[in-house]
Amino acid sequence: MFLVIAVGTGVTTHPLPYFIAGIIGILVILFYSQFSARNNGEGWGAMKYPQLIMGMIAIFVYVGVEVSTSSNLGELLKTPGFLTLEGLHESEISPYISIFWGGLMIGRWTGAISVFNISKTARQILSVVVPFIAYAVILAPTP
């Protein structure tokens, strides 16, 4: 299925149908493997757990959104009328890109709290405190 996507983007001038066919094919394969693993778990290992399949799909979608947003954010900020009447100049864009990536890091740091074996009260306190610390780190002036 990845080859379908690669061939579609490299050979044709209309890659969208190949991309959609590849993604649908990947999803069908994932759900088929989960269905097969549930019926006959021998040799399938972790594929019988639905949270693995959903986690793979979620990470794929998250990374796709993250990369496409970061790739297009600079051009969007240059667009006249979006943020300013004349659009931002190339040299003015970097703080906004930094805040975008920093915002993603705030979520990652806050989500990482659940990895540690701490009490429920400490987890709740850290869930409030860590985003503020992360935001302070992101906005801290650099020398």
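Just so it is clear, the structure is predicted and the values come from calculations on it, not from any experiment.

**Student:** Could you clarify how one ought to interpret the overall build of the chain in this entry?
**Tutor:** Counting its regular elements, the chain contains five helices and zero strands. When its helices and strands are written in sequence order, the chain yields α-α-α-α-α. Each principal axis of the C-alpha atoms in the chain carries an extent, and together these give about 60 × 55 × 25 Å. Long-range contacts, defined here as pairs at least 24 residues apart, represent 32% of the contacts in the chain between residues at least 6 apart. Here the chain displays about 10400 Å² of accessible surface, and carbon together with sulfur accounts for 72% of that area. For the chain, the distance from the average position of its 6 positive side-chain charges to the average position of its 6 negative side-chain charges is 23 Å.

**Student:** Please explain the side chain of S70 as it appears in this structure.
**Tutor:** In this fold, S70 is placed in helix α3 (residues 50–78). Relative accessible area serves as the criterion here: at 19%, S70 is assigned to the buried category. Contact partners of S70, with chain neighbours within four places excluded, come to F100 and W101.

**Student:** Explain helix α2 (residues 16–39) to me, please; I cannot follow it from the model alone.
**Tutor:** Note on helix geometry: an α-helix contains 3.6 residues per turn, so any two residues three or four positions apart are oriented the same way. For α2, which comprises 24 residues, the first-to-last C-alpha distance of 35 Å matches the rise-based estimate of 34 Å (1.5 Å per residue) to within 8%. Turning to α2, its buried residues number three or more, namely G22, I23, G25, I26, L30, S33, Q34, S36 and A37.

**Student:** Is there a simple way to think about the nonpolar core in this case?
**Tutor:** Soluble globular proteins: nonpolar side chains tend toward being buried together. In this structure, I5, I23, I26, L30, A37, M47 and I53 together form the largest nonpolar core, which totals seven residues. By residue number, the principal contributor to this core is α2, which donates four residues. Here A37 is in contact with W44, M47 and K48, once residues within four sequence places are set aside. With six residues, the next largest nonpolar core counts L77, L88, I93 and F100 among its residues.

**Student:** Explain the pattern of salt bridges here, please?
**Tutor:** Two side chains of opposite charge can pair, provided their charged atoms sit close to one another. According to the stated counting rule, one finds three salt bridges in the structure shown. The partner of E75 in a salt bridge is K78, with the nearest N and O atoms 3.0 Å apart. Of this pair, E75 and K78 both sit in helix α3, separated by three residues, roughly a single helical turn. Across the pair E90 and K78 runs a salt bridge whose closest N-O atoms are separated by 2.7 Å. A residue pair is termed long-range when its members are at least 10 positions apart, and E90 in the loop between α3 and α4 (94–111) and K78 in helix α3 qualify at 12 residues. Through salt bridges with shared partners, one network takes in E75, K78 and E90.

**Student:** What is the right way to read the packing of aromatic side chains from this model?
**Tutor:** How two aromatic rings sit relative to each other is set out by the distance from centre to centre and by the angle between their planes. Evaluation of the coordinates by the stated rule reveals one aromatic pair. Geometrically, the ring pair formed by F100 and W101 is edge-to-face, given 5.2 Å between the ring centres and 70 degrees between the ring planes. The exposure class assigned to F100 is buried, which follows from its relative accessible area of 19%. The class of W101 is partly exposed, set by a relative accessible area of 33%.

**Student:** Honestly, the confidence of the model for the chain in this entry has me stumped. Any pointers?
**Tutor:** A low pLDDT score tells you not to read the predicted coordinates there in detail. Averaged over all residues, the pLDDT of the chain equals 87, while 98% of them reach at least 70. Between the elements of the chain, mean pLDDT differs from a low of 80, seen in helix α1 (residues 2–11), to a high of 91, seen in helix α5 (residues 120–139).

**Student:** Teacher, can you tell me more about a nonpolar patch on the surface here?
**Tutor:** On the surface, a cluster of nonpolar side chains totalling about 670 Å² of accessible area is made up of W109, I125, V128, V129, F132, I133 and V137. In terms of residue count, α5 provides more of the nonpolar patch than any other element does, six residues in total. Structurally, W109 is set in helix α4.

Procedures and definitions
Residues numbered from 1 in each chain as written. Predicted model: local features only at pLDDT ≥ 70, side-chain atom pairs only at ≥ 80, totals over all residues. Heavy atoms only, no water. Helix = DSSP H or I, 4+ residues; strand = E, 2+ residues; numbered from the N terminus. Contact = heavy atoms within 4.5 Å. Areas by Shrake-Rupley, 256 points an atom, 1.4 Å probe, with all protein chains shown as cover. Lys, Arg positive; Asp, Glu negative; His and termini not counted. Charge placed at Lys NZ, Arg CZ, Asp CG, Glu CD. Buried < 20%, exposed > 50% of the residue type's maximum accessible area, 1.4 Å probe, protein only. Expected span 1.5 Å × (residues − 1). Core = buried A, V, L, I, M, F, W, Y, C linked by side-chain atoms within 4.5 Å. Salt bridge = Lys/Arg side-chain N within 4 Å of Asp/Glu carboxyl O. Phe/Tyr/Trp six-rings, centres within 6.5 Å; stacked < 30°, edge-to-face > 60°. pLDDT = per-residue confidence, 0-100. Patch = residues over 30% accessible without salt bridge, like charges linked within 9 Å, V, L, I, M, F, W, Y side chains within 5 Å.

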